[in-house]
Amino acid sequence: SVLTRDEVELPPPAIDNRLTVHPLWPEIDRISTEQIQAAFEGVGGEIGWQLFAEEGDMRMYRREMEVDGMVMDPLKAMHKVRGVSAREMCHYFFNPRYRYEWETTLETMTIVEEMSSDALVFHQTFKRIWPASQRDALFWSHVRASDSNTYAVTNHSTTNAEYPANTGACIRLFVTVCLACRSTWPAGEQPTRDNITTSIAYCSTVNPGGWAPAGVLRAVYKREYPKFLKRFTGYVVDQCKGKQLAL
Ligand code: 6CM
């Protein structure tokens, strides 16, 4: 059968065999499992989560945390998006082909390693935020299905001898991000663009890697995270318009 480019590149429904023999696989599997589980746990009963942004179905929470004066506030966001599937959402988040179209903090992106169809290593530099030094990051990115309605992408910092930290103008930051998505539709119906809803849980913890003024950093996060989630989800809805629903 003939597959379109998009169909070929959609996240695979099962883990790619090539990934399970990669030296990073035990770490990727462990951290992804932990992150996906934590993403679906609510913030309701937990103490310390403060709501800082709310718009429509989107809610964003942070927990103020400092280690040696550096801001490491964990962030957690929930959202609900109609008309797209969990698999589609994760496809656009994982696939580097679309990244410049929705990621506004990005300056450069390089694919450092292609481990498998569902795991890549990226080097990214971010736009400089005055008065701090520019930041870069090196991280693996892994997309997986937990079941047919649940897909997630986990990004986590790693190292690579060809991309040493703190040697140029950039300070290396460390990141753990998880975008976990679950699709639902009314019981007894077939899923379509008109009745599908995808619940999103997005978690992010960024260690700035070196001095950055706490006030500036928190102001940047407060502005940039809601902007990112609105822009990204809107982008996916736009991209999927007129395309067959991919479950
Ligand atoms: O998750 C997001 N994007 C992914 C694809 O790029 C990936 C990125 C993670 C890096 C997150 C770092 C954000 C920091 C950006 C500002 C630079 C800080 C400089 C500090 C100096 C004061 O997981 C979306 C990320 C949205 C971030 C707002």
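The following refers to the structure shown. Since the structure is predicted, the reported quantities are computational estimates derived from the model, not experimental observations. (Residues numbered from 1 in each chain as written. Predicted model: local features only at pLDDT ≥ 70, side-chain atom pairs only at ≥ 80, totals over all residues. Heavy atoms only, no water.)

1. A word on the pattern of salt bridges
As enumerated under the stated definition, the model contains 15 salt bridges in all. As a salt-bridge pair, D29 and R144 come within 2.7 Å of each other at their nearest N and O atoms. Note that D29 is positioned in helix α3 (residues 25-40) and R144 in strand β8 (residues 135-147), a separation of 115 residues in sequence. A relative accessible area of 11% places R144 in the buried class. Where salt bridges share partners, they join E66, D73 and R218 into one cluster. (Salt bridge = Lys/Arg side-chain N within 4 Å of Asp/Glu carboxyl O. Helix = DSSP H or I, 4+ residues; strand = E, 2+ residues; numbered from the N terminus. Buried < 20%, exposed > 50% of the residue type's maximum accessible area, 1.4 Å probe, protein only.)

2. Some points on the nonpolar core
Residues M60, F93, Y202 and F232 are the most contacted members of the largest nonpolar core, which totals 46 residues. Considering every element that reaches this core, the biggest residue donor is helix α6 (residues 214-240), with nine residues. In this structure, Y202 is in contact with L75, K76, A77, F93, V177, C178, L179, Y225 and F228, ignoring residues within four places of it in sequence. Within the second largest apolar cluster, 10 residues are counted, among which are L24, I31, M115 and W140. (Core = buried A, V, L, I, M, F, W, Y, C linked by side-chain atoms within 4.5 Å. Contact = heavy atoms within 4.5 Å.)

3. A few points about the site of the ligand
Around the ligand, 18 residues are found, and the nearest of them are E103, Q124, N155, Y202 and L217. Contacts to the ligand include N155, whose side-chain N or O atom sits 2.8 Å from an oxygen atom. Notes on the ligand: free accessible area 690 Å², of which the protein chains cover 98%. Listed by contribution, the elements that provide at least two residues to the shell around the ligand are α5 (99-102), β7 (119-126), β11 (174-184) and α6. The dominant element in the shell around the ligand, judged by the number of residues it contributes, is α6, at four residues. Residue composition of the shell around the ligand, grouped by class: 12 nonpolar, two polar and four charged. (Near = heavy atom within 4 Å. Polar contact = N/O pair within 3.5 Å; in protein donor to acceptor, adjacent residues only side chain to side chain. Areas by Shrake-Rupley, 256 points an atom, 1.4 Å probe, with all protein chains shown as cover. Nonpolar A, V, L, I, M, F, W, Y, C, P; charged D, E, K, R; others polar.)

4. Quick word on the environment of Y225
Looking at the secondary structure, you find Y225 in helix α6. Each residue touching Y225, except ones within four places of it in the same chain, is listed here: M60, L75, Y202, S204 and V206.

5. Some details on α3
Taking 1.5 Å per residue as the helical rise, α3 with its 16 residues ought to reach 22 Å, and the 23 Å between its terminal C-alpha atoms agrees with that figure. Residues of α3 that are buried include every one of W25, I28, I31, S32, Q35, I36 and A39, and no others. For α3, the buried positions fall inside an angular range of 140° around the axis, keeping them on one side. In this structure, α3 carries P26 and Q37 as exposed residues pointing more than 90 degrees from its buried face. (Expected span 1.5 Å × (residues − 1). Arc of directions from axis to C-beta.)

6. Here we look at the pairing of β8
The side chains of a regular strand alternate between both faces of the sheet. Along β8, 10 of the 13 residues are buried, which leaves the element largely enclosed by surrounding structure. The sheet contact formed by β7 and β8 spans seven bridges and is antiparallel. Looking at β8, one finds that H123 is bridged to L138. Relative to strand β9 (residues 150-157), β8 is paired through eight bridges, and the arrangement is antiparallel. (Pairing = 2+ DSSP bridges.)

7. Examining the pairing of β7
Counted residue by residue, β7 has eight buried out of eight residues, so it is predominantly covered. In this structure, strand β6 (residues 106-116) lies alongside β7, joined through eight bridges in antiparallel fashion. Pairing of L106 across the sheet is with F126, part of β7. Connecting the antiparallel pair β6 and β7 is a turn made up of two residues.

8. Some points on the packing of aromatic side chains
If you walk through the whole model with that rule in mind, you get 13 aromatic pairs. Aromatic pair F93 and F228: ring centres 6.3 Å apart, planes at 50°, arrangement tilted. Here F228 lies in helix α6 and F93 lies in helix α4 (residues 86-94), a separation of 135 residues in the sequence. The two residues F93 and F228 agree in class, both being buried. Seen in terms of ring centroids, F93 and F232 are 5.5 Å apart; in terms of plane orientation they differ by 75°. Their pairing is edge-to-face. A residue pair is termed long-range when its members are at least 10 positions apart, and F93 in helix α4 and F232 in helix α6 qualify at 139 residues. Each of the two residues, F93 as well as F232, counts as buried. Connected via pairs of aromatic rings, a cluster forms that spans F93, W102, Y202, Y221, Y225, F228 and F232. Over the ring of F122 we find R99; its NZ or CZ atom is 4.2 Å from the centre of that ring. (Phe/Tyr/Trp six-rings, centres within 6.5 Å; stacked < 30°, edge-to-face > 60°. Lys NZ or Arg CZ within 6 Å of the ring centre and 35° of its normal.)

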